[in-house]
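Chain residues, written in single-letter form:
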Amino acid sequence: FKVMNAQGDLNLQRAITQQLIRDRCDVLVPIGTTASQMAVHLGQQQKIVCLAADASVVKGPVQATCLSDELSVHDSIHFLHTVFPHIKKITLIHSSSEKVAKEIPQVMDACESEHIEVQRLMVQALPELYTIGQAITHD
């Protein structure tokens, strides 16, 4: 197993993908839609299993298998409330990515139906996580 992380850098992601293809790994396993699209494009003779990728946009000249990580937002919030029945408030830290942004209203609706208050905090870049964490209210 080789685990490599491009830290969101597309140039590094390309270099890592090309290196893994040159190393003739048995199976390339990109995580995320962008990484999967790149792997499918570059690894035309490669066996690829895409994780957490939107299969509808991962297309190319090779056959790639996509495994979905999608869970129902309502089921997830209901499970959270079942496991922690006294929960009154959650803090939702999210990015502005299209995939996440369209799910935020679902989270808000699901939390409302479970009588859970939501504090929303948006992060533009990974280095902001520590700073944004300081904004979490504890009431």
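Residues numbered from 1 in each chain as written. Predicted model: local features only at pLDDT ≥ 70, side-chain atom pairs only at ≥ 80, totals over all residues. Heavy atoms only, no water.

J.: Any details on the overall build of the chain? Residues and values, ideally.
T.: Helix and strand content of the chain: six helices and four strands. In sequence order, the secondary structure elements of the chain are arranged as α-α-β-β-α-β-α-α-β-α. Taken over C-alpha atoms, the radius of gyration comes to 19 Å for the chain, far larger than the 14 Å a tight globule of 139 residues would show. Seen through its principal axes, the chain has C-alpha atoms that stretch 55 × 30 × 25 Å. In the chain, which comprises 139 residues, the share counted as buried stands at 29%. Within the structure as shown, the chain displays about 9900 Å² of accessible surface, and the carbon and sulfur contribution to it stands at 57%. Averaging the coordinates of the 11 positive side-chain charges in the chain and doing the same for the 15 negative ones gives two points 11 Å apart. (Helix = DSSP H or I, 4+ residues; strand = E, 2+ residues; numbered from the N terminus. Rg over C-alpha atoms; globule rule 2.2 N^0.38 Å. Buried < 20%, exposed > 50% of the residue type's maximum accessible area, 1.4 Å probe, protein only. Areas by Shrake-Rupley, 256 points an atom, 1.4 Å probe, with all protein chains shown as cover. Lys, Arg positive; Asp, Glu negative; His and termini not counted. Charge placed at Lys NZ, Arg CZ, Asp CG, Glu CD.)

J.: An account of the nonpolar core is requested, with residue identities and associated values reported.
T.: Within the largest apolar cluster, eleven residues are counted, these being Val73, Ile77, Ile87, Ile90, Leu92, Ile104, Val107, Ala110, Cys111, Ile116 and Val118. Secondary-structure elements contributing two or more residues to this core are α3 (73-83), β3 (89-94) and α5 (104-113). Looking at this core element by element, the count peaks at four residues for α5. For Ala110, the contacting residues outside a window of four places in its chain are Val73, His74 and Ile77. Counting ten residues, the second largest nonpolar core, distinct from the first, contains Ala6, Leu20, Ala39 and Ala53. (Core = buried A, V, L, I, M, F, W, Y, C linked by side-chain atoms within 4.5 Å. Contact = heavy atoms within 4.5 Å.)

J.: Describe the environment of Ser56, listing the residues and the values that go with them.
T.: Mapped onto the elements of the fold, Ser56 is located in the loop between β1 (48-51) and β2 (64-67). Remark: the alpha-carbon pair of Ser56 and Leu42, spanning 14 residues in sequence, is separated by 18 Å.

J.: Outline the packing of α3 against α5, supporting the account with residue identities and numerical values.
T.: Two measures define how a pair of helices packs: the angle their axes make with one another and the distance between the axes. Interhelical geometry of α3 versus α5 gives an angle of 40 degrees and a closest axis separation of 9 Å. Comparing the axis directions of α3 and α5 gives the class oblique. The two elements α3 and α5 cross, and the hand of that crossing is right-handed. Side by side, α3 and α5 meet where Val73, His74 and Ile77 of the first sit next to Gln106, Val107, Asp109, Ala110 and Cys111 of the second. (Axes fitted to C-alpha atoms, helices over the stretch in contact; angles between N-to-C directions. Parallel < 35°, antiparallel > 145°, perpendicular 65-115°, else oblique. Left-handed = near helix turned anticlockwise from the far one by under 90°.)

J.: How would you explain the side chain of His81 if you had to name every residue and give the values?
T.: Checked against the element boundaries, His81 lands in helix α3. Those residues within four positions of His81 in sequence are excluded, and the remaining contacts are Ile87, Glu114 and Ile116.

J.: Let's hear about the pattern of salt bridges: which residues, and what values?
T.: All chains considered together, the criterion is met by one salt bridge. The shortest N-O distance in the salt bridge between Lys2 and Asp23 comes to 2.6 Å. With Lys2 in the segment before α1 (10-22) and Asp23 in the loop between α1 and α2 (33-42), this residue pair connects regions lying 21 residues apart in the sequence. Lys2 gets classed as exposed once you look at its relative accessible area, which sits at 54%. Of the residues examined, Asp23 reaches a relative accessible area of 35% and is grouped as partly exposed. (Salt bridge = Lys/Arg side-chain N within 4 Å of Asp/Glu carboxyl O.)

J.: Explain the packing of α1 against α2 to me, using residue names and the numbers behind them.
T.: In the contact formed by α1 and α2, the axes pass within 10 Å of each other and the chain directions differ by 45 degrees. Of the possible angle classes, the one that applies to α1 and α2 is oblique. The two elements α1 and α2 meet at a crossing, and its hand is right-handed. Within the contact between the two elements, α1 uses Leu10, Gln13, Arg14, Thr17, Gln18 and Ile21 and α2 uses Thr34, Ala35, Met38, Ala39 and Leu42. When the residues that make up the contact of α1 with α2 are grouped by side-chain class, the tally is six nonpolar, four polar and one charged. (Nonpolar A, V, L, I, M, F, W, Y, C, P; charged D, E, K, R; others polar.)

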